[in-house]
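A structural walkthrough
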Amino acid sequence: MTDTLFSPYTLGALNLPNRMVMAPMTRNRNDENGIPKPMATTHYVQRATAGLLITEATQVSDKASGYMFTPGIYTEDQARGWQIVTDAVHEKGGRIFSQLWHTGRVSHTLLQPAGGDPIAPSAVKAETMVFTPNGFEPPTMPRALTTDEIPVIVEQFAHAARLAKSAGFDGVEVHGANGYLIEQFLKDGSNRRKDSYGGDIPNRMRFALEVVAATVEVWGPGRVGFRISPRGVFNDMHDSDPLALYSQLAAALNDIPLAYLHLIEPLPGHPTFKSQEGVEPVAAELRKIFKGTLMINGGYGRDTAEKAVAEKVSDLVAFGVPYLANPDLVERYRRNAPLNEPDQDTFYGGDEKGYNDYPLL
Ligand SMILES: Cc1cc2nc3c(=O)[nH]c(=O)nc-3n(C[C@H](O)[C@H](O)[C@H](O)COP(=O)(O)O)c2cc1C
């Protein structure tokens, strides 16, 4: 029988009722201590018919933030806040992973404890904007981590992974995409290190693999996903040879019992996600190399997602903006019903408007 978007899927220890995943989406609606508000519970519960929900990116330490009102999972209070969300999602029959995040150089002294400098693999500033108490500003020049500090950051991911477990999540996704700390180590546009974490591909992969391994150590097999964006340029990223880098990374990940590899590979003409010029799509090659579950994302709709699953391009498909605007996306795709229009003005920050008021069918 041909698999469809609506056939069940066994993801490690979890039974997903369908192949549709809600992609992680930052919405800047948490309190100043990085604790989700009651409206977050409503938001995720509304979308609990997804095969899997992935939360908005969530900071692993007090130095990991690059935007206002994004959540954390490094204090007991934050974990208690998330427990309310996970309990409610489970009550509705859903499954939810926490996306673990360190923004690295995509930050500002105004967002750092005691006005410290943001950290990065190298002192290379990103041409991008961050959301500070003074509005949008370019990031501050980051400070390059010393070799000795790197295990401390790896441990922060492990600590956050432990708190996510205590908060009742079903697993975690390590955010290795979109120009944040892990990708800053992976790509040579941002990694100019001369130690064992910079230079050739095995060295540039080292930090990512250490973080993933430490997280799997906490969670065990089949509970940790890893998100990558090989051709992504968001936050001023580029690499001299993404295919070589990510082929080696996918091969190395075969030795770690991941739940899935989450690949952002935007379909041609994606309205917001640009791809590095002159770099061909890598999905087909990574599919051949990576032996575990693949989740694909970037501009998918009902028909393109159906095709991707039927043709085994990917096992699962994650939807960002379609899920943002359609809490009952599974039902809409099942019935081939029309979708709500997303309201760009309410993507980041604000209240329940544009967050919890998208109508059901
Ligand atoms: C409002 C918004 C917030 C996002 N926040 C995150 C995030 O926190 N973590 C992440 O990995 N990607 C984030 N993304 C990227 C999405 O997960 C997804 O990769 C992107 O929207 C492309 O998928 P789509 O074409 O289905 O929307 C965000 C996208 C949007 C629109």
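So, a few notes on the structure that sits alongside this text. What you see is a predicted model; the values in this text were computed from it and never measured. (Residues numbered from 1 in each chain as written. Predicted model: local features only at pLDDT ≥ 70, side-chain atom pairs only at ≥ 80, totals over all residues.)

**Remarks on the environment of N203**
We apply this condition: A run of H or I in DSSP becomes a helix once it reaches four residues, and a run of E becomes a strand once it reaches two; helices and strands are each numbered from the N terminus. To assign burial, the other C-beta atoms lying within 10 Å of each residue's own C-beta are counted, with C-beta atoms placed from the backbone; 20 or more indicates buried, 12 or fewer indicates exposed, and intermediate counts indicate partly exposed. The contact criterion used here is simple: two residues whose C-beta atoms, placed from the backbone, lie within 7 Å are in contact.
Summarising the element assignment, N203 is placed in helix α5 (residues 201–219). Note on N203: 16 C-beta atoms within 10 Å, which makes it partly exposed. Measuring from C-alpha to C-alpha, the distance between N203 and L186 comes to 8.6 Å, with 17 residues separating the pair along the chain. Ignoring any residue separated from it by four or fewer positions in sequence, one finds N203 in contact with S196, Y197 and G198.

**Description of the pairing of strand β13 (residues 294–297)**
So the rule is basically this: Following DSSP output, two strands are said to pair if at least two bridges run between them. Here is how to tell: hold the view so the strands point away, follow the path from the first strand over the helix to the second, and if it runs clockwise the crossover is right-handed.
Side chains L294 and I296 project from β13 onto one buried face, and the interleaved M295 and N297 project onto a second face that is buried too. Two strands pair when backbone bridges link them, and strand β12 (residues 260–264) and β13 are joined in this way by four bridges, in the parallel orientation. Along β13, the bridge assignment pairs L261 with L294. Handedness of the crossover is the feature at issue here: the chain leaves β12, passes through helix α7 (residues 283–289), returns alongside β13, and the resulting connection is right-handed. Judged from the three bridges that link them, β13 and strand β14 (residues 316–319) form a sheet pairing that is parallel. Along β14, the bridge assignment pairs I296 with V317. In this fold, the crossover linking β13 to β14 by way of helix α8 (residues 302–310) has right-handed handedness.

**Concerning the site of the ligand**
The condition is simple: For each residue, a C-beta position is placed from the backbone atoms; the residue is near a molecule or strand when that point lies within 6 Å of it. Any residue that is not Ala, Val, Leu, Ile, Met, Phe, Trp, Tyr, Cys, Pro, Asp, Glu, Lys or Arg is counted as polar, Gly included; the first ten are nonpolar and the last four charged.
Around the ligand, a shell composed of 22 residues is seen, among which A23, T26, A57, G320 and V321 lie nearest. Elements that contribute at least two residues to the shell around the ligand include exactly β4 (52–59) and α9 (321–325). Classifying every residue of the shell around the ligand by side-chain character gives twelve nonpolar, eight polar and two charged.

**Structural notes on the pairing of β12**
Summarising burial for β12: five of the five residues are buried, a large majority. In β12, alternate side chains face the same way, and those of Y260, H262 and I264 on one face and L261 and L263 on the other are all buried. Of the pairings in the sheet, the one linking strand β11 (residues 224–228) to β12 comprises four bridges and is parallel in character. Residue pairing in the sheet places G225 in a bridge with Y260 of β12.

**Some thoughts on the environment of G299**
Its location among the elements puts G299 in the loop between β13 and α8. C-beta crowding within 10 Å serves as the criterion here: with 19 such atoms nearby, G299 is assigned to the partly exposed category. Sequence-wise, G299 and L110 are 189 residues apart; in three dimensions their C-alpha atoms are separated by 34 Å. When residues no more than four places from it in sequence are discounted, the contact partners of G299 are P266, L267 and H270.

Keep in mind that these numbers describe shape and distance, not what the molecule does.
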